[in-house]
Amino acid sequence: MDLAFADTDEAFRLEVRAFFETRFPKDILDKIRRGQTLGKDDLVRAEKAYHAEGWSAANWPEEYGGTGWSVTQKYIFDEERERVGAPSVVPMGLLYVAPVIYTFGSPEQKQRFLPGILSSDVFWAQGYSEPGAGSDLASLQTRAVRDGDEYVVNGVKIWTSQAHYADWIFCLVRTSSAGKPQEGITFLCMDMKTPGITVRPIIGIDGSHYLNQVFFEDVRVPVGNRIGEENKGWDYAKYLLTHERTSYAHVARKKMDMARLKQLARTVTSDGRSLAEDPLFVQKMAEADVALASLEMTVLRAIASLSSGQAPGNESSILKIMATERAQEITELFVELGGLYSAHFITDRARPDWNSNSGIPDWASPSMASYLFTRAQTIYGGATEVQKNVIAKQVLRLP
Ligand SMILES: Cc1cc2nc3c(=O)[nH]c(=O)nc-3n(C[C@H](O)[C@H](O)[C@H](O)COP(=O)(O)OP(=O)(O)OC[C@H]3O[C@@H](n4cnc5c(N)ncnc54)[C@H](O)[C@@H]3O)c2cc1C
């Protein structure tokens with residue numbers, strides 16, 4: 001296994017670094033450094049900056065506007081992006097629905113939907129989960145009944161990330177109850193402005209409005225918005241999930257966080273000595289460092305095998321669990337470092353002066369919210385228990 005990057009890859013790294021230093025919107029990076037939260041406008045402007053370089057669709061085939069990057073180049077781009085703290089693309093459009101459309105959509109649908117996704121002019125949400133269908137997604141009940149050239153949709157979706165920003169939503173809906181539950185599911189795209197769609201916020205444990213519940217009441221959707229065949233949506237959904245297995249690793253960001261943590265530990269004192277001299281805290285930081293190094297090696301090993309033509313496949317479940325544990329460990333250390341300051345729970349961090357009168361350092365105020373949001377990583381993208389089942393059955397081949 002050769003983990004060194006080739007000269008051409010290092011040249012690419014310099015090109016990406018120069019982009020973030022000179023052409024990426026500086027005010028967005030400043031907001032992130034100040035601990036401010038990003039709104040829809042910031043997320044869209046970031047994507048448009050990537051698009052201006054031809055870099056927003058790293059995974060798409062080149063014929064539709066993809067970058068043509070190797071797996072290593074994608075890794076380097078993400079590493080440089082995380083090094084400066086810039087946001088990733090919002091996954092629902094560019095990473096999730098687009099591959100379904102360019103793989104299973106009609107030529108008309110490709111022409112209609114892909115340009116708006118590529119240019120980030122159309123914001124998408126993912127309507128899969130329902131109050132009674134999460135890990136067991138195939139039991140979903142949102143129903144679409146055919147009426148001439150339209151479907152009439154009724155039901156509820158839940159945990160819909162950023163649906164309050166979305167112009168369009170792609171949903172799995174039930175079109176038949178015959179046969180196995182997987183066999184009666186259809187993949188439908190809907191304009192969020194269609195009468196009968198209502199979005200209600202769900203405020204997360206971290207105090208943020210990221211999640212939503214979406215209600216569909218007699219929503220009339222043209223049959224032309226269906227991707228692929230009726231009742232074949234499960235196949236497309238499974239295909240999408242392979243694309244949803246994007247890297248949760250975020251190794252570069254975690255390394256930056258660890259470096260910051262160590263530097264801050266020298267400035268925070270307890271019982272007359274800095275936390276950088278507290279044996280217990282030092283041990284916890286060292287353990288987090290070692291575990292992070294092992295995550296990095298696992299990611300690089302996966303990349304090395306991809307370069308030689310193998311897909312990571314079910315092994316990505318290992319990465320998902322490791323990345324979740326590391327993220328939770330690091331946010332926990334920040335809470336511990338902040339001590340009582342971490343109890344300062346600010347939910348509205350959209351304003352530049354969000355923390356100016358608190359007397360509490362900018363790094364400490366959001367630490368509890370980050371810690372709490374990171375708990376959700378155990379659940380989204382496939383819950384940890386479900387990933388463990390995958391590892392047991394598909395990787396270890398246990399009975
Ligand atoms: C921050 C966040 C963002 C999300 N964004 C979206 C989105 O944009 N669109 C969308 O459609 N959904 C979204 N989701 C929903 C997410 O996909 C579901 O929460 C997830 O699939 C789990 O489903 P559930 O919440 O119904 O929990 P359940 O499936 O009810 O699981 C409850 C518990 O039971 C365990 N469990 C379930 N099945 C098994 C099993 N077979 N073996 C062992 N243990 C099991 C789980 O691990 C979990 O601990 C989001 C969730 C979160 C937290």
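Up top you'll find the structure we're talking about.
Since this is a predicted model, take the numbers as computed values, not measurements. (Residues numbered from 1 in each chain as written. Predicted model: local features only at pLDDT ≥ 70, side-chain atom pairs only at ≥ 80, totals over all residues. Heavy atoms only, no water.)

Draft legend 1. Representation of the overall build of the protein. Counting its secondary structure elements, the protein contains 12 helices and 10 strands. Here the protein has a C-alpha radius of gyration of 22 Å; the compact-globule value for 399 residues is 21 Å, and the two agree. Its C-alpha atoms give the protein principal-axis dimensions of about 75 × 50 × 50 Å. Once local pairs closer than 6 in sequence are excluded, the contacts in the protein between residues at least 24 apart make up 72%. If the 44 positive side-chain charges of the protein are averaged to one point and the 51 negative ones to another, these points end up 2 Å apart. (Helix = DSSP H or I, 4+ residues; strand = E, 2+ residues; numbered from the N terminus. Rg over C-alpha atoms; globule rule 2.2 N^0.38 Å. Contact = heavy atoms within 4.5 Å. Lys, Arg positive; Asp, Glu negative; His and termini not counted. Charge placed at Lys NZ, Arg CZ, Asp CG, Glu CD.)

Draft legend 2. View of the packing of aromatic side chains. On inspection of all chains with the given rule, the structure shows 26 aromatic pairs. Between phenylalanine 113 and tryptophan 168 the ring centres are 5.2 Å apart and the planes differ by 75°, which places this aromatic pair in the edge-to-face class. With a gap of 55 residues between them, phenylalanine 113 in helix 6 (residues 107-118) and tryptophan 168 in strand 4 (residues 168-174) connect regions that are remote in the sequence. Accessibility expressed as a relative area gives 14% for tryptophan 168, which makes it buried. Judged by centre distance (5.7 Å) and plane angle (35°), the rings of tryptophan 124 and tryptophan 168 are tilted. Taken together, the positions of tryptophan 124 in strand 1 (residues 124-127) and tryptophan 168 in strand 4 put the pair 44 residues apart, joining distant regions of the chain. You'll find tryptophan 124 and tryptophan 168 in the same group, each marked buried. (Phe/Tyr/Trp six-rings, centres within 6.5 Å; stacked < 30°, edge-to-face > 60°. Buried < 20%, exposed > 50% of the residue type's maximum accessible area, 1.4 Å probe, protein only.)

Draft legend 3. Examining the nonpolar core more closely. Formed by 72 residues in total, the largest nonpolar core has its most connected members in Phe24, Val153, Phe170, Phe187 and Met190. It is helix 5 (residues 91-104) that provides the largest number of residues to this core, a total of nine residues. Two domains each donate at least three residues to this core, and these are domain 1 (7-89) and domain 2 (123-234). By size, the runner-up hydrophobic cluster in this structure holds 25 residues, among which are Met258, Leu261, Ile303 and Trp363. (Core = buried A, V, L, I, M, F, W, Y, C linked by side-chain atoms within 4.5 Å. Domains from an automatic or database assignment.)

Draft legend 4. Quick peek at helix 4 (residues 71-84). Taking 1.5 Å of rise per residue, 14 residues should cover 20 Å, and helix 4 covers 21 Å from first to last C-alpha, within 8% of that figure. Counting buried residues in helix 4 gives 10 out of 14 residues, a clear majority hidden from the surface. Among the residues of helix 4, those classed as buried are Thr72, Gln73, Tyr75, Ile76, Phe77, Glu79, Glu80, Arg81, Glu82 and Val84. Looking one or two residues past helix 4, glycine 85 carries a phi angle of roughly 90°, positive in sign. (Expected span 1.5 Å × (residues − 1).)

Draft legend 5. Region of interest: the site of the ligand. What surrounds the ligand is a group of 15 residues, the closest being Ser129, Ser135, Trp159, Ser161 and Glu385. Note that a nitrogen atom of the ligand is positioned 2.8 Å from one of the backbone N or O atoms of glutamine 126. Separating an oxygen atom of the ligand from a backbone N or O atom of serine 129 is a distance of 2.7 Å. In isolation the ligand offers 970 Å² of accessible surface; the protein chains occlude 64% of this area. (Near = heavy atom within 4 Å. Polar contact = N/O pair within 3.5 Å; in protein donor to acceptor, adjacent residues only side chain to side chain. Areas by Shrake-Rupley, 256 points an atom, 1.4 Å probe, with all protein chains shown as cover.)

Draft legend 6. Seen up close, the pattern of salt bridges. Following the criterion strictly, the structure yields 25 salt bridges and no others. The partner of arginine 33 in a salt bridge is aspartate 30, with the nearest N and O atoms 3.4 Å apart. Placement of both arginine 33 and aspartate 30 in helix 2 (residues 26-34) is noted, with a separation of three residues, approximately one turn of the helix. Accessibility expressed as a relative area gives 57% for arginine 33, which makes it exposed. Given a relative accessible area of 23%, aspartate 30 falls into the partly exposed group. (Salt bridge = Lys/Arg side-chain N within 4 Å of Asp/Glu carboxyl O.)

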